[in-house]
Protein chains: 4
Amino acid sequence: MTEVVKYRPEPDELSYTFGGREPVRRVRPGTILELYTEDCFGGRVRGVDDLPSRVCEFPYLNPVTGPIHIEGAEPGDTLAVHFVAIEPARDWAVSTTFPHFGALTGTHATATLHPPLDEVVWRYDVDVAAGTVTYRARRGDFTVELPLDPMHGTVGVAPGAFEARMTITPDAHGGNMDTPELRTGVTAYFGVNVPGALFALGDGHCRQGHGEVCGTAVEAAMNTTIVVDVIKGAGTPWPRLESDDALMCTGSARPLEDAYRISQHDLVTWTAELVGLDQLDAYQLISQAGEAPVGNVCDPNYTMVAKVAKRYLGGASTYEGTHARLRQIARDYLTHR
Amino acid sequence: MTEVVKYRPEPDELSYTFGGREPVRRVRPGTILELYTEDCFGGRVRGVDDLPSRVCEFPYLNPVTGPIHIEGAEPGDTLAVHFVAIEPARDWAVSTTFPHFGALTGTHATATLHPPLDEVVWRYDVDVAAGTVTYRARRGDFTVELPLDPMHGTVGVAPGAFEARMTITPDAHGGNMDTPELRTGVTAYFGVNVPGALFALGDGHCRQGHGEVCGTAVEAAMNTTIVVDVIKGAGTPWPRLESDDALMCTGSARPLEDAYRISQHDLVTWTAELVGLDQLDAYQLISQAGEAPVGNVCDPNYTMVAKVAKRYLGGASTYEGTHARLRQIARDYLTHR
Amino acid sequence: MTEVVKYRPEPDELSYTFGGREPVRRVRPGTILELYTEDCFGGRVRGVDDLPSRVCEFPYLNPVTGPIHIEGAEPGDTLAVHFVAIEPARDWAVSTTFPHFGALTGTHATATLHPPLDEVVWRYDVDVAAGTVTYRARRGDFTVELPLDPMHGTVGVAPGAFEARMTITPDAHGGNMDTPELRTGVTAYFGVNVPGALFALGDGHCRQGHGEVCGTAVEAAMNTTIVVDVIKGAGTPWPRLESDDALMCTGSARPLEDAYRISQHDLVTWTAELVGLDQLDAYQLISQAGEAPVGNVCDPNYTMVAKVAKRYLGGASTYEGTHARLRQIARDYLTHR
Amino acid sequence: MTEVVKYRPEPDELSYTFGGREPVRRVRPGTILELYTEDCFGGRVRGVDDLPSRVCEFPYLNPVTGPIHIEGAEPGDTLAVHFVAIEPARDWAVSTTFPHFGALTGTHATATLHPPLDEVVWRYDVDVAAGTVTYRARRGDFTVELPLDPMHGTVGVAPGAFEARMTITPDAHGGNMDTPELRTGVTAYFGVNVPGALFALGDGHCRQGHGEVCGTAVEAAMNTTIVVDVIKGAGTPWPRLESDDALMCTGSARPLEDAYRISQHDLVTWTAELVGLDQLDAYQLISQAGEAPVGNVCDPNYTMVAKVAKRYLGGASTYEGTHARLRQIARDYLTHR
């Protein structure tokens, strides 16, 4: 029987780093976890008057639920996390501009002499049954329904080299990658850097555009169900994703072309290995068959995803069939809950 | 009656710049042009032994057909080019690595002390009826069919400021943007910089992955039909694309985040104008509804596309309904040819 | 006897591109040229009320004097230009901010939603005898004398590949490199791309900080004397500079690290060749002995210089002793004028 | 009387992060510290056969001595560290290439398909009395003496936001900035993020070129004497340096232009505050009078320094005269030791 662990963190249990924290739970591979995650504002932005720079306090931003210690995970292994369900916990969500954060503004790194853009909050209605979120202009009466497409912006494990990193920064350990590809039905793979892997997740989005250009998505608390597994002795240099149809590699860096290079390099290398191709043959195949969904172009590192449809890879199998196995566990769970 | 002009350039009529050339034809707005374009190698790479560094000679690379003078087009106007049909002219196509060119190699700009990667040619079978191109590994026997999805890598007008630019460089005048979004059924818009606009196109691809990571796509000569039009007094800061379903803005720059910024900035600004939104309201809407298809990450400037579905913009109309009008001309032409 | 050619362009003779223009003069190698160059504003900004966006008109910015055809210069040769004297032509100079131009502002490429910073003009007194320029704050009474250190921001030859480039853009042909290293006593080397080389120069600066952070230097018209020479059969991939004490290589690109890479790569390669070192040995030597003066971080391409003292290179000689030879011609000329 | 604390860490006391470690010593402001620092290889690369990838083990690279808890330092204060003396501890030093590290090679971030460049070690003779280090080519007999100019590549305090960062990464807390400007006679200022500041330093260089282009400098163990102080209530956004003649601000980021922007932005802002200038007036002054010494172009973040001579700032005083005060303590100490 699959074990199910439920966990809703108290406010003071939330974590703001990957690494540097004791685990909040210890589970065995194969466990299903029903987790509650707060939104990136810690739930403090509830209406258009709740300016984040006033109601939130640095560094208590972008809280994650965890870390979870997965038994038996050791450095050199790969942690697999399958997303069974990502469900908005409230019937509203918010998005905002934030001073000196976002792609179309001067920032702390792209330092300019401009004062910040106006800080504005947008509140969305979330209708899970209809599968929509509703955008409303703040200065005018334009309104439009957009498809609900829940995802997690922030997922990852403890980094190596004794590091602890703010949850807002994506890097080789995962973190705030902010890619819409991380949705229900996807398995994420992370190289394990410390005993127990110390997985955590947060920053749910009801939906997100490519690049999260203003710096925030349709931010929401989530009830999220995952199932975790460990692939012993399998390395994963950067976080990878697998859906029923596609393989994906991520890269997080600046400038954006380096995020692209990292992700495409990993996809080329992985394709060569999975299909048994020469590296340049794999380079050619990905050059014509590959996609490059943009993750974020606003966080301390930018994130790109390199993606290829499995059907172009001749039926190659990854990580000993982990995705199919976890997918089946998810199906059984969803049938019986 | 729509006028139809057919033009197949002689080898010595091919152009290697945007700007700095006399027009090869003069046509009126509304004219349909049936054009032949050579591939980016000038048709000299025909098999796996035709290494481009040996059979091609710089700067005679990436030839374009044109320039075409469109009567009445003046600086400050916008040229509209609707792609009626893009049809491979041969039953084969090629792709190659090229010394110090591509995203996963040291290049002339990202200068390293590495010797170049191996120069390798891949030859694809092109089956228009089946709608496929066939990839074959060079070092092994792996083979796979990929969907045919013809596009033009290089389209544009003469730049302003008395410039002439190599066809390989994309910038505000268009050029080698290498975006798969430039396919049949799409209307491209360019700001006019010189009298007659001086439009040219080339670099057909049977298909291309996102970013053209190895530096070349499935390169092919094309028989391409376009219809051109001029929108008087309408400015277009960077090339824009319109399909039946979506609006797109392009940006070409380095680093890649600046290409992203330019394209998203133009889409935010254009959305505000089309929908009658405040700029920050448009910023928010695009942040959640926008896409960011990668063009190229290998050319002298990188290209990003910012894209939004028209259905999220409340039925706003662009350029006085030009796309719909040209689409109708295309339909009539295709019905009767 | 050294031939001396004097040339002061009429306003309508000024050039705004490298390439695409007929030469204004033809001279033999060894000729001394006494040239007048206008400032980057075409002399139209004369006081604090002359806002450049009002008194200047795009693309009539950053005019250069030339092009000069040097007889016998052919593609594959190197043009040497020794700077005998760079002398401010007026007793004042100006600097300004300019809308969306500079390193600490959103720009057309680093596109943001910020309105431009204030456009402000500063007027400097230039005292050649005292060797100073005087800065005066616009909003307050702070004033300070800075050393006069005249240089040319823009020097170069016609680019290859049939291109014509705005004078504001630096690239492999030279252009608007904006490096303070280009001062009196320096010899600049350019690879020749077209018959006659077609050299031009402009954009005199009474002095400039590293990076030209606000986008403009202490801009001045100049009376500049150069002597030109041609080194047959010697290639120069990117502009190089030589002073009595140092060798320098330039690189112009975005992002800034690519400008650094290009310039350091050329210096490493050149050092290996001049000293007879293995490439990695030269890499190591430059790593410890090399300097990296910043040129500009505001133009369409950024410019870095890689520099090494000649005394660390064991007395290696460059370009057949051209610098020493031109230096002697300069000395003779200065003695007798 | 000035208190003097001597500390030479045992190998197992070395630290590999900023943050996440208990202090090794607690001292009062005004204390002189005589510290021993190991080289970046932990002293394991002693000759040309000691390839770092073989004798060193990740993440035990770039060890620092510390952290030192300075009593009374609280978040919101500034820590001042004056460098009294930086003296090579051995009569030899080493430099190396390292696989996929350096500016002219593909790296883990600028991911390419190239195999690494050759891994080579160079051993330098260090002659403190003569003030030289001797470079010897590995493949040939070229040799040259370069001036000894000791500096520390890595200095900093614990970061905020609960982070622990590898010593190899420079950021707002300091770290591996690798700027030659950090030499004897200089005072470094750091914003304090945690109680006690937790200062550490290491990575001594006998000298370093600009940008540390091959990835390593002339690496050496050092006997270094510092004196520390705390300026209460004074913020410092990024590490700053002060010599007798100049003020300097640092920025560490990618791409390199962002490191430039951060450093110049801080220098403009600081200048405005110190001199009482309007921000745009300070922008103009730094644009003409400022320098931009390159730190590193090889580490996980690149580092630029923005520098201005004090004589251009009208005698403005910084941090309540801390530099002059610590300089006097240093002089007294050096006179009497």
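Residues numbered from 1 in each chain as written. Chains lettered and ligands numbered in written order. Predicted model: local features only at pLDDT ≥ 70, side-chain atom pairs only at ≥ 80, totals over all residues. Heavy atoms only, no water.

1. Some thoughts on the relation of the copies chain B and chain D
Right, on to step 1. Between the two copies, chain B and chain D, the superposition gives an RMSD of 0.0 Å; the rotation angle is 180° and the shift along the axis is 0.0 Å. Read as a symmetry element, the transformation amounts to a two-fold axis.
Right, on to step 2. Mapped onto chain D, 100% of the interface residues of chain B are again interface residues, and the two copies thus contact each other with one and the same surface. (Least-squares fit on C-alpha atoms with pLDDT ≥ 70 in both. Contact = heavy atoms within 4.5 Å.)

2. Regarding the interface of chain C and chain D
Put simply, an interface is often sized by how much accessible area is lost when its parts join up.
Right, on to step 1. On the side of chain D, 65 residues touch chain C, which itself brings 65 residues to the contact.
Right, on to step 2. Interface area, chain C with chain D, both sides summed: about 5100 Å², of which 62% is carbon and sulfur.
Right, on to step 3. Our count for the contact surface shared by chain C and chain D stands at 2 salt bridges.
Right, on to step 4. Among the salt bridges present, the one from Asp278 of chain D reaches Arg139 of chain C, with a minimum N-O distance of 3.3 Å.
Right, on to step 5. Seen at the junction of chain C and chain D, the total is 42 residue pairs in polar contact (both at pLDDT 80 or more). (Buried area = accessible area lost by both parts, 1.4 Å probe. Salt bridge = Lys/Arg side-chain N within 4 Å of Asp/Glu carboxyl O. Polar contact = N/O pair within 3.5 Å; in protein donor to acceptor, adjacent residues only side chain to side chain.)

3. Topic: the sheet that holds strand β10 (residues 143–147) of chain D
Residue and element names in this part refer to chain D.
Right, on to step 1. The strand order β7-β8-β9-β10 describes an open sheet built from 4 strands, whose pairing is antiparallel. Single-partner strands in this sheet number two, and they are β7 (92–96) and β10. Going across the sheet, the axis of each strand differs from the next one's by a mean of 30°, ignoring polarity.
Right, on to step 2. With 3 bridges joining them, strand β8 (residues 121–127) and strand β9 (residues 132–136) adopt antiparallel strand pairing. In the strand pairing of β9, Asp125 is matched with Thr134. (Pairing = 2+ DSSP bridges. Helix = DSSP H or I, 4+ residues; strand = E, 2+ residues; numbered from the N terminus. Axes fitted to C-alpha atoms, helices over the stretch in contact; angles between N-to-C directions.)

4. Comments concerning helix α4 (residues 322–336) of chain A
All names here are of chain A.
Right, on to step 1. Relative to the 21 Å expected for 15 residues at 1.5 Å per residue, α4 spans 21 Å between its end C-alpha atoms, a close match to the ideal helical length.
Right, on to step 2. Taken as a whole, α4 has its buried residues at Thr322, His323, Leu326, Ala330 and Tyr333. The buried residues of α4 occupy an angular sector of 90° when projected down its axis, which confines them to one face. The exposed set on the far side of α4, more than 90 degrees from its buried face, consists of Ala324, Thr335 and His336.
Right, on to step 3. Looking at the packing, one finds that the buried side of α4 touches β4 (32–37), β6 (78–88), β14 (187–191), β16 (222–231) and β17 (240–242). (Expected span 1.5 Å × (residues − 1). Buried < 20%, exposed > 50% of the residue type's maximum accessible area, 1.4 Å probe, protein only. Arc of directions from axis to C-beta.)

5. Considerations on the packing of helix α2 (residues 256–275) of chain A against helix α2 (residues 256–275) of chain B
Right, on to step 1. Remark: α2 of chain A packs on α2 of chain B, axes separated minimally by 6 Å, with the N-to-C direction vectors making an angle of 115°. By the angle between their axes, α2 of chain A is roughly perpendicular relative to α2 of chain B. Across the interface between the two elements, Leu256, Glu257 and Tyr260 of chain A of α2 of chain A pack against Leu256, Glu257 and Tyr260 of chain B of α2 of chain B.
Right, on to step 2. Split by residue class, the contact of α2 of chain A with α2 of chain B holds 4 nonpolar, no polar and 2 charged. (Parallel < 35°, antiparallel > 145°, perpendicular 65-115°, else oblique. Nonpolar A, V, L, I, M, F, W, Y, C, P; charged D, E, K, R; others polar.)

6. Describing the pairing of strand β15 (residues 199–205) of chain C
A regular strand places its side chains so that they alternate between the two faces of the sheet.
Residue and element names in this part refer to chain C.
Right, on to step 1. Counting buried positions over the 7 residues of β15 gives 7, a clear majority of the element.
Right, on to step 2. Of the strand pairs in this sheet, strand β5 (residues 64–70) and β15 are connected by 3 bridges, and their pairing is antiparallel. Each residue of the ladder has a partner; that of Thr65, found in β15, is Leu201.
Right, on to step 3. Pairing of strand β11 (residues 151–156) with β15, which is carried by 5 bridges, proceeds in the antiparallel orientation. Note that in β15 the partner of Thr154 across the bridge is Gly202.

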